[in-house]
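What follows is each chain in one-letter form.
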Amino acid sequence: MDTSDTHAAHLERAVAVAVANVAADGGPFGALLVTSDGQVFEGANRVTSTNDPTAHAEVVAIRAACAALGTFDLRGSVLYASCEPCPMCLAAGLWARVDAIWFAADRGDAARAGFDDATFYEFFAEAPEDRSPPVRRQRTASSGEPFDAWRALDSHTGY
């Protein structure tokens, strides 16, 4: 059963993962993905160690859980993060279908340490035509073909 103490313990572990990652010359972010049956998958920020801008702690934890469990659907799980998830990590949690996301520090704490996500939040708040860098649509003759192929394939796996 989820209790305040359980959430606090998982958040403390996520913070410990973040602190250990700093000591290993990594970023100050840690995360846990906890399944409904109590399995725990840890993730630490690996952006600089892997030269992968998507290797945020939350994404690393989600990837570890999905690989170990053999699924892309993490319903029933909870994602715990040492810091408020950025828009990418929040979206990753939503796509993974986690039941809840808990975090310890917030975006203001991250900004004071030099990790300011404000421009990303602002990007999504802007009208699409005002966004920079620009994100533009241009239809092509074949732009709908991937979806036609998907709908026609009876054996596709929905998600």
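Calculation rules
Residues numbered from 1 in each chain as written. Predicted model: local features only at pLDDT ≥ 70, side-chain atom pairs only at ≥ 80, totals over all residues. Heavy atoms only, no water. Helix = DSSP H or I, 4+ residues; strand = E, 2+ residues; numbered from the N terminus. Buried < 20%, exposed > 50% of the residue type's maximum accessible area, 1.4 Å probe, protein only. Lys, Arg positive; Asp, Glu negative; His and termini not counted. Salt bridge = Lys/Arg side-chain N within 4 Å of Asp/Glu carboxyl O. Polar contact = N/O pair within 3.5 Å; in protein donor to acceptor, adjacent residues only side chain to side chain. Contact = heavy atoms within 4.5 Å. Pairing = 2+ DSSP bridges. Expected span 1.5 Å × (residues − 1). Core = buried A, V, L, I, M, F, W, Y, C linked by side-chain atoms within 4.5 Å. UniProt positions renumbered as here; feature names shortened; annotations may be inferred.

**What about the side chain of arginine 131?**
As for its position among the elements, arginine 131 is in the loop between α6 (118–125) and α7 (145–152). Buried charge without a partner: arginine 131 forms no salt bridge, and the closest opposite charge is glutamate 126, 5.5 Å away. Of the polar contacts made by the side chain of arginine 131, one reaches the backbone oxygen of phenylalanine 123; its length is 3.0 Å. With residues up to four places along the chain from it excluded, the contact list for arginine 131 reads Phe123, Phe124 and Glu126.

**Some points on the pairing of strand β2 (residues 40–44)**
Where strand β1 (residues 30–34) lies against β2, five bridges are found, and the strand directions are antiparallel. Directly across from leucine 32, in β2, lies its bridge partner glutamate 42.

**Quick look at helix α3 (residues 57–69)**
Taking 1.5 Å of rise per residue, 13 residues should cover 18 Å, and α3 covers 18 Å from first to last C-alpha, within 8% of that figure. Within α3 the residues assigned to the buried category are Ala57, Glu58, Val59, Val60, Ala61, Ile62, Ala65 and Cys66. Lining the buried residues of α3 we find β1, β2, β3 (78–83) and α4 (87–95). Count one or two residues on from α3 and you reach glycine 70, which has phi positive near 70°.

**A word on the nonpolar core**
The biggest cluster of nonpolar side chains holds 19 residues, and the ones touching the most others in it are Leu33, Ile62 and Leu74. Contributing elements (two or more residues each) for this core: β1, α3, β3 and α4. Among the elements that take part in this core, α3 stands out by supplying six residues, more than any other. With residues up to four places along the chain from it excluded, the contact list for isoleucine 62 reads Leu33, Leu74, Leu79, Ala92, Gly93 and Ala96. One finds Leu11, Ala14, Leu32 and Val34 within the second-largest nonpolar core, a separate group that totals six residues.

**Notes on the UniProt feature "domain: CMP/dCMP-type deaminase" (unreviewed entry) in the protein chain**
UniProt marks residues 5–118 with the feature "domain: CMP/dCMP-type deaminase" (unreviewed entry), using the numbering shown here. Taken as a whole, residues 5–118 contains 46% helix and 19% strand, while its terminal C-alpha atoms sit 31 Å from one another.

**Details of unusual backbone geometry**
Looking along the chain, the bond that leaves serine 132 and enters proline 133 is cis, with omega of 5°. Relative to the helices and strands, proline 133 resides in the loop between α6 and α7. Notably, aspartate 25 is not glycine yet its phi reads approximately 70°, a positive angle. In this fold, aspartate 25 is placed in the loop between α1 (4–23) and β1.

**Side note on the pattern of salt bridges**
Under the defined criterion, the tally for this structure stands at six salt bridges. A salt bridge links glutamate 42 to arginine 13; the shortest N-O distance between them is 2.8 Å. On the criterion of sequence distance, the pair formed by glutamate 42 in strand β2 and arginine 13 in helix α1 is long-range, its members being 29 residues apart. Assessed through its relative accessible area of 38%, glutamate 42 is described here as partly exposed. Relative accessible area serves as the criterion here: at 38%, arginine 13 is assigned to the partly exposed category.

**Digging into the environment of threonine 54**
Here threonine 54 shows up in the loop between α2 (47–50) and α3. Looking at threonine 54, the relative accessible area reads 29%, which means it is partly exposed. For the pair threonine 54 and cysteine 89, spaced 35 residues apart in the sequence, the C-alpha separation amounts to 8.7 Å. In this structure, threonine 54 is in contact with Val59, Arg63 and Met88, ignoring residues within four places of it in sequence. Looking at threonine 54, its side chain comes within polar contact range of the side chain of arginine 63, at 3.0 Å.

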